[in-house]
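# Topology and contacts: notes
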Amino acid sequence: MSETATGVPGLPDLTHPNELIQFGGELLKLSQKLAILVIFLGIALALVGFALRRTKPELLDWLEIWIKRYDLLLRKFPHAVLIFSLMIGGFFLCSTLANRYHHWEQARVAKVAATVSGDRLEQFAPQVRYVVKEPYTYDTQVKGKIVRVKATRDINRFLMVAGSQINVKLEQIKDVQKLRSVYRVGFEGDYKVKNQLKEDQQFFFEITPPNGYSLLQNFKVERDKNRLVPVNPGDYGFPFRLQAGEETTFRVTYQAQGGPRWIYDANGQLLSNFRLTALANFENADFASGIVPTQSKVEGQGTRFIWVFDDNVSVKNPFGVFTSTGKVTNTGILPRLLLLAPALFFWWIVLLYLSVRLTLQDITLAGGLFFACLLALTYLSRVIDAQLAWCLIFPVMLVLVWGLGNSRSASIAAVIATIAGGVLPVFGLVTTYSGLTLSLAGLLSVVWVAVLHWYGLYRISDQATSHAKYDL
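Here's a quick rundown of the structure. Along each chain, residues carry numbers from 1 onward, in the same order as the chain's sequence is written. Since the coordinates come from a predicted model, pLDDT governs what is reported: local features require at least 70, and pairs of side-chain atoms require 80 or more to be given and counted, while whole-chain, interface and lining totals use all residues. Where side-chain values are given, they derive from all heavy atoms of the structure, hydrogens and water being excluded.

Numbering goes from the N terminus for both helices and strands, where a helix is a DSSP run of H or I of at least four residues and a strand is a run of E of at least two. Broken down by element type, the protein chain carries eight helices and 18 strands. Within the span of the protein chain, comprising 472 residues, buried residues form 38% of the whole. Counting every atom, the protein chain has about 26,600 Å² of accessible surface; 59% of that belongs to carbon and sulfur. Under the scheme applied here, a residue whose accessible area is under 20% of the maximum for its type counts as buried, over 50% as exposed, and between as partly exposed, the area being computed with a 1.4 Å probe on protein chains only. Working definition of accessibility: Shrake-Rupley area with a 1.4 Å probe, residue cover restricted to the visible protein chains.

Pasting the structure below:
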């Protein structure tokens, strides 16, 4: 079995040159449109001011207010452009990382699946066949006349096996490259056959070697402890005769090697006095095909599975043992986080704007720090758990963010804003309780901003607070 690892469909990947060129072109067009919009707004205000230069003072006051707002827009326009650029660039960076991480996760799942892939070892139940003469008629043409002819033909009938006692020992080994598991099987099957017909009959005991083996050794069929030798190579049908009501036993043994799955197929027969015991001498063994064993118990490092069917049971599906790899958990968590990273960055920057005074240099460094932490989280989570990786990364982020404030209170405000807007949301998206953690992060963000601006319990400084309000 082979798996093809692919990325997330529809996501841009900046490691592809054509997508990088397309992204640069779209970003350039968007920047040009924004610049033209701001320029035209300034020209419109200038024209309006020139037209109203001799009008009433009230109109001039209205114009002065709009000019001040335009001046504020011009001064904050670089901040908006920088944040927007960081978000767009971060989106394409994170989408590339999400693609790569998804590709790596698929490859990891395919590697796990490959360890237990391959042809299965399938043993079919033996059949006891006998031939009866059945009369039939057919019409033919003789000398231009239709003549009905009576004749007989051979019809195969099958006798139900009176009892089956099967013992299988399974050992798991690795192939030469140690990339996939291989089963080594020791099979012993005792089958009882009873002539339930009212007369003596010639029978054929038919058994086939297991399907899917790579190595088969010492395949033997014995009747009453006498070994039976096939007349034709590859033909494992052995004739024998029984009187009415007479019984005999057959014993089938072999050692085989093949894929990591062994099953027994009743081939649609009714099972009577049937007992199959499979001892799997390895960990992670489980029963196959959904046929629950009558009993299963741990023995040493392995498990013994027992199926018992006393009277006339038809089992349609094959049943047996396979190696369980367990569930591959926590997939798709990092790609989801990376796709939401630009929104988390914007949330964090807004909280910082409301808490401390930020310059263009501060925004640039904060953006680089945020996406660098996500980059480190992406590749560190390949080695250790993502939650543990983030617990190791975010203290570094908090230590660096402390330098955003020009005073102790401002530094504390920057740290609180970072915890509410950066640390908790990321932590929430790498845990199974994402909704609860994100809700707590949102509540903490709102409470912090409300306390800071409404109650003044954590007032940073008059200059910083007024600047934060003036920015928004």
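Take the sheet that holds strand E1 (residues 121–124) next. Sheet strands line up and pair through hydrogen bonds in the backbone, either parallel or antiparallel. In short, DSSP must find at least two bridges between two strands for them to pair. The strand order across the open sheet formed by four strands is E1-E11-E18-E14, and the pairing between neighbours is mixed. The two strands at the open ends of the sheet, each matched to only one other strand, are E1 and strand E14 (285–288). Averaged over all pairs of adjacent strands, the angle between strand axes in this sheet comes to 20°, irrespective of strand direction. For E1 and strand E11 (residues 261–265), the ladder comprises four bridges, and the chain directions are parallel. Each residue of the ladder has a partner; that of Phe124, found in E11, is Asp265. Lines fitted to C-alpha atoms define the axes here, with helix axes fitted over just the stretch in contact, and angles between the N-to-C directions of these axes take values from 0 to 180 degrees.

This paragraph deals with the environment of Gly422. With respect to the element layout, Gly422 can be found in helix H6 (residues 408–429). Residue classification places Gly422 among the buried residues on the basis of a relative accessible area of 1%. Residues Gly422 and Ala341, spaced 81 residues apart in sequence, show a C-alpha to C-alpha distance of 9.7 Å. By definition, residues are in contact when any of their heavy atoms lie within 4.5 Å. Excluding anything up to four places from it in sequence, Gly422 contacts Trp348, Trp390 and Ala417.

So, about the sheet that holds strand E8 (residues 226–228). Ordered in space as E8-E7-E10-E5-E4-E13-E16-E15, the eight strands form an open sheet in which the pairing is mixed. With one partner strand each, in any of the chains shown, E8 and strand E15 (295–299) form the two edges of the open sheet. For this sheet, the mean inter-axis angle between neighbouring strands, taken without regard to orientation, is 20°. Here E15 runs beside strand E16 (residues 302–309); their pairing, made up of five bridges, is antiparallel. From the neighbouring strand, Ser296 faces E16, where its bridge partner is Phe305.

Before going further, it helps to spend a moment on the packing of helix H3 (residues 333–355) against helix H4 (residues 360–380). Put simply, H3 and H4 touch, their axes get as near as 11 Å, and they point 155° apart. The angle between H3 and H4 places the two elements in the roughly antiparallel class. In terms of crossing hand, the pair formed by H3 and H4 is right-handed. Where H3 abuts H4, its residues Leu334, Leu337, Leu338, Ala341, Leu344, Phe345, Trp348, Ile349 and Tyr353 lie against Ile363, Ala366, Gly367, Phe370, Phe371, Leu374, Leu377 and Thr378. Note on terminology: angles under 35 degrees are roughly parallel, angles over 145 are roughly antiparallel, angles of 65 to 115 are roughly perpendicular, and the others are oblique. Handedness of a crossing follows from how the near helix is turned relative to the far one, being left-handed for an anticlockwise turn of less than a right angle and right-handed for a clockwise one.

The rule for a salt bridge is simple: a side-chain nitrogen of Lys or Arg has to be within 4 Å of a carboxyl oxygen of Asp or Glu. As enumerated under the stated definition, the model contains ten salt bridges in all. The residue Glu206 makes a salt bridge to Arg129 at a minimum N-O spacing of 2.7 Å. Of this pair, Glu206 sits in strand E6 (residues 201–206) while Arg129 sits in strand E2 (residues 127–142), and the two are 77 residues apart along the sequence. Its relative accessible area of 23% is what places Glu206 among the partly exposed residues. Between Asp200 and Arg241 there is a salt bridge, with the nearest N and O atoms lying 3.5 Å from each other.

The analysis is restricted to geometry; functional conclusions fall outside its scope.
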